Amino acid sequence: TVIVGAHYDHLGRGGDGSLQPGSTEIHNGADDNGSGTAGLLELVRRITEKKEKFARRIVFMAFTGEERGLLGSAHYVKKPLFPIEQTVVMFNLDMIGRMEQSKLTVYGTGTSHFWDNRVDEAAKASGLTLIKKPEGFGPSDHSSFYAVKIPVLHVFGGLHSDYHRPSDDVEKLNVPGMRQATDFFETLILQAVQAPARPDYIEIAGKAEIERTGSRPYFGSIPDFNSDQKGFALMGVSPGGPADKAGIKGGD
């Protein structure tokens, strides 16, 4: 199984997570993550129109609860529609709507040797300049899959002053840029579903940060927000982080 996902939840009228304290305005989340959800639907349209038979199944999935702690993707990994051990790769679209100068950040480029040349070739064909981040862990739904040793790729168009504010609205989207990011992923998805060998998994130490403010300690744990166990349940730990070095593991 190849999974292509995007989260469709946002912040409602603000509150926790909003960067405009006290606001009760609707936070529409056009970029975060209306843009990725639109890209997901466009990939559904394009790929289902193709006539060839694929070697692997593709599951397109829109997650909720990402802003609350990757709830939807964490739930799927625990209770998958198809066996998680037969899931070979996960593609994640999150905030592809505000790309500038055709520069796209791609997280997870080090999570498999499968990405090495293919990522660069797909970017060139789509007219993109890539900023490549090797880490598989980061603040979006792909982390849930990387935690169970599945290679991942996450496309991200960049932060902006409207992030997590009511001003993240549709008229500010870079629609041609969204099309470029979708072209890029379409190429790689089709390669992944037709590749004779399963993409290998590479463990990458550390966690990619999209935004980090203040002076905060780093523990290196990945919380399991879907657990009803007493205490603070963990889905996994970041390789090479303090929790990993201390012997803490997913399930603790």
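In case you missed it, the structure is sitting above this.
(A) Examining the environment of Phe91 more closely. With respect to the element layout, Phe91 can be found in strand E3 (residues 89-93). On the accessibility criterion, Phe91 (0% relative accessible area) is buried. Taking the C-alpha atoms as reference points, Phe91 and Lys230, separated by 139 residues in sequence, lie 32 Å from one another. In this structure, Phe91 is in contact with Val2, Ile3, Val4, Gly5, Trp115, Leu153, Phe185, Leu188, Ile189 and Ala192, ignoring residues within four places of it in sequence.

(B) Spotlight on the packing of aromatic side chains. With the rule as written, the count across this model stands at nine aromatic pairs. Geometrically, the ring pair formed by Phe91 and Trp115 is edge-to-face, given 5.6 Å between the ring centres and 70° between the ring planes. Placement of the pair is Phe91 in strand E3 and Trp115 in the loop between strand E4 (103-107) and helix H3 (116-126), with a sequence separation of 24 residues. By relative accessible area, which is 1% here, Trp115 ends up buried. Pairwise contacts between aromatic rings join Phe91, Phe114, Trp115, Phe184 and Phe185 into one cluster. The ring of Phe82 carries the charged tip of Arg57 above its face, separated from the ring centre by 3.9 Å. Between the NZ or CZ atom of Arg118 and the centre of the ring of Phe114, over which it lies, the distance is 3.8 Å.

(C) Looking closely at the sheet that holds E3. Read across the sheet, six strands follow the order E2-E1-E3-E6-E4-E5 without closing on themselves; strand pairing throughout is mixed. Here the strands that pair on one side only, and so sit at the sheet edges, are strand E2 (58-63) and strand E5 (129-133). Pairs of neighbouring strands in the sheet enclose a mean axial angle of 20°, with direction left out of account. Seen against the sheet, helix H1 (residues 30-48) touches strand E1 (2-7), E2 and E3 and runs at an angle of roughly 145° to E1. Its contacts with the sheet place helix H5 (residues 175-194) against E1, E2, E3, E4, E5 and strand E6 (152-156), and it is angled at close to 170° to E3.

The rules behind the values
- Residues numbered from 1 in each chain as written.
- Predicted model: local features only at pLDDT ≥ 70, side-chain atom pairs only at ≥ 80, totals over all residues.
- Heavy atoms only, no water.
- Helix = DSSP H or I, 4+ residues; strand = E, 2+ residues; numbered from the N terminus.
- Buried < 20%, exposed > 50% of the residue type's maximum accessible area, 1.4 Å probe, protein only.
- Contact = heavy atoms within 4.5 Å.
- Phe/Tyr/Trp six-rings, centres within 6.5 Å; stacked < 30°, edge-to-face > 60°.
- Lys NZ or Arg CZ within 6 Å of the ring centre and 35° of its normal.
- Pairing = 2+ DSSP bridges.
- Axes fitted to C-alpha atoms, helices over the stretch in contact; angles between N-to-C directions.

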